[in-house]
Amino acid sequence: MHTADTTPHSDAWACPARKRARVICLASLATSLALYVMSPFMTLWTIAGAVSSHDMVALGHTINWSSLDASIKEQVLNGLNIGQVNEVSDELPEFGSSFAANIVSNAVDTRVTQDNLGKVVDQAMASSPAPINSGTVFSAVSHALVRFTAANSFEAQIVLPGHENETPLRVQLRIERWQWKLTRVDFPTAVHRPVMEASVIQHKA
């Protein structure tokens with residue numbers, strides 16, 4: 001009696017099984033890749049929705065507070081131009097820089113918190129010369145320039161309404177514990193354009 005054609009170990013059975021396994025593996029890989037690519041966009045959309053609906057609890061869950069605090073402190077200190085001041089003046093530069101850094105650090109630590117997040121967002125919205133509502137927020141996000149800066153890092157540059165002549169709002173997300181987290185926000189600043197100097201030479205007739 002021949003049973004080779006009906007046993008699980010036969011080539012007739014194994015070949016279709018291997019094909020199905022390959023198809024399943026490729027489908028799983030494609031699905032995982034698609035979810036990975038879409039995941040930062042979903043997080044960015046969640047942030048936009050939380051801001052537009054003023055859901056500070058949902059917004060707070062997307063934030064890595066220590067990284068965000070560090071980025072805000074860096075921007076505030078750069079805005080004070082402490083380094084340029086120290087280059088001009090030799091009088092206690094280390095003390096002046098340290099004193100200013102401590103003031104900035106304490107101010108950010110006390111103001112940028114989960115409890116005060118709503119006030120921070122309201123102040124940021126109020127600084128815009130144009131009214132910002134849910135429609136403008138989603139419109140700005142949908143037109144953002146996005147890119148993966150690394151396998152675990154994602155960046156979006158968003159032109160905020162009323163700040164078209166300034167640098168875009170830059171948002172950085174990073175994967176932490178299998179979730180995308182907001183780690184850095186670079187606020188719009190004035191664009192520094194080089195001053196063009198032209199000399200007019202008058203020719204005598």
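Residues numbered from 1 in each chain as written. Predicted model: local features only at pLDDT ≥ 70, side-chain atom pairs only at ≥ 80, totals over all residues. Heavy atoms only, no water.

Novice: Hey, could you run me through a nonpolar patch on the surface in this one?
Specialist: On the surface, L33, V37, M38, M42 and F148 cluster together into a nonpolar patch covering about 450 Å² of accessible area. For the nonpolar patch, the element with the most residues is helix α1 (residues 11–53), which contributes four residues. Its place among the elements puts M42 in helix α1. Using a relative accessible area of 52% as the deciding quantity, one classes M42 as exposed. (Patch = residues over 30% accessible without salt bridge, like charges linked within 9 Å, V, L, I, M, F, W, Y side chains within 5 Å. Areas by Shrake-Rupley, 256 points an atom, 1.4 Å probe, with all protein chains shown as cover. Salt bridge = Lys/Arg side-chain N within 4 Å of Asp/Glu carboxyl O. Helix = DSSP H or I, 4+ residues; strand = E, 2+ residues; numbered from the N terminus. Buried < 20%, exposed > 50% of the residue type's maximum accessible area, 1.4 Å probe, protein only.)

Novice: Even after reading the chapter, I still don't get the pairing of strand β1 (residues 145–150), so can you show me in this structure?
Specialist: Where a strand is regular, its side chains alternate between the two sheet faces. Looking at chain direction, β1 and strand β2 (residues 153–158) are connected through five bridges and run antiparallel. When the bridges of β2 are listed, V146 appears paired with A156. (Pairing = 2+ DSSP bridges.)

Novice: Mind showing me how you'd approach the UniProt feature "transmembrane region" (unreviewed entry) in the protein chain here?
Specialist: Mapped onto this structure's residue numbering, the UniProt feature "transmembrane region" (unreviewed entry) falls at residues 23–48. In the segment residues 23–48, helix accounts for 100% and strand for 0%; the C-alpha atoms at its two ends are 37 Å apart. (UniProt positions renumbered as here; feature names shortened; annotations may be inferred.)

Novice: For this particular structure, what's the right way to read the nonpolar core?
Specialist: The tendency in soluble globular proteins is for nonpolar side chains to be buried side by side. Formed by 27 residues in total, the largest nonpolar core has its most connected members in L59, I158, V171, L173 and L182. Secondary-structure elements contributing two or more residues to this core are α1, α2 (56–61), α3 (65–80), α6 (117–126), α7 (134–142), β2, β3 (169–176) and β4 (179–186). In this view, L182 contacts I47, T62, I63, N64, V171, Q172 and L173; residues no more than four positions away in its chain are not counted. (Core = buried A, V, L, I, M, F, W, Y, C linked by side-chain atoms within 4.5 Å. Contact = heavy atoms within 4.5 Å.)

Novice: Is there a simple way to think about unusual backbone geometry in this case?
Specialist: Note: most residues except glycine have negative phi, and most peptide bonds are trans. Notably, R177 is not glycine yet its phi reads approximately 55 degrees, a positive angle. Along the chain, R177 turns up in the loop between β3 and β4. Even without a glycine there, the phi angle at W178 is positive, about 65 degrees. Its place among the elements puts W178 in the loop between β3 and β4. Note on W178: relative accessible area 85%, which makes it exposed.

Novice: I tried to follow the pairing of β3 on my own but got confused; where do I start?
Specialist: Two elements, β2 and β3, share six bridges in a ladder whose sense is antiparallel. The residue of β3 that forms the bridge with S153 is R174. Direction of pairing for β3 relative to β4: antiparallel, over a ladder of seven bridges. Directly across from L173, in β4, lies its bridge partner L182.

Novice: I would appreciate a short explanation of the confidence of the model for the protein chain in the present structure.
Specialist: Segments scoring low in pLDDT should not have their predicted coordinates read at a detailed level. Averaged over the protein chain, the pLDDT score is 76; the fraction of residues at 70 or greater is 70%. Here residues 82–90 is modelled with pLDDT under 50, and outside its nearest four sequence neighbours on either side it reaches five contacts, counting other chains as well. (pLDDT = per-residue confidence, 0-100.)

Novice: It is not clear to me how the packing of aromatic side chains should be interpreted in this structure. Could you clarify?
Specialist: Each aromatic ring pair is specified by the distance between its two centres and by the angle formed by the two planes. Following the criterion strictly, the structure yields six aromatic pairs and no others. Every member of this aromatic cluster is reached through a ring pair, and the members are Y36, F41, F148, F154 and W180. (Phe/Tyr/Trp six-rings, centres within 6.5 Å; stacked < 30°, edge-to-face > 60°.)

Novice: Would you mind showing me how to read the sheet that holds β3 here?
Specialist: Hydrogen bonds between backbone groups are what pair the strands of a sheet, and the pairing can be parallel or antiparallel. Strand order in the open sheet formed by four strands is β1-β2-β3-β4, with antiparallel pairing between adjacent strands. Two strands lie at the open edges of the sheet, namely β1 and β4, each paired on one side alone. Across the sheet, the mean angle from the axis of one strand to that of its neighbour is 25 degrees, orientation sign disregarded. (Axes fitted to C-alpha atoms, helices over the stretch in contact; angles between N-to-C directions.)

Novice: I'm lost on the pattern of salt bridges in this one. Help?
Specialist: When the charged atoms of two side chains lie near each other, side chains of opposite charge can form a pair. Applying the stated criterion across every chain, the model contains five salt bridges. In this structure, the salt-bridge partner of R170 is D186, at a minimum N-O distance of 2.3 Å. Of this pair, R170 sits in strand β3 while D186 sits in strand β4, and the two are 16 residues apart along the sequence. The exposure class assigned to R170 is partly exposed, which follows from its relative accessible area of 23%. On the basis of relative accessibility, which here comes to 12%, the residue D186 falls in the buried class. When the shortest N-O distance is used, the salt bridge between D186 and R184 registers 3.0 Å. Accessibility assignment for this pair places D186 and R184 in one class, buried. Salt bridges sharing common partners tie together E74, R147, E155, R170, R184 and D186.

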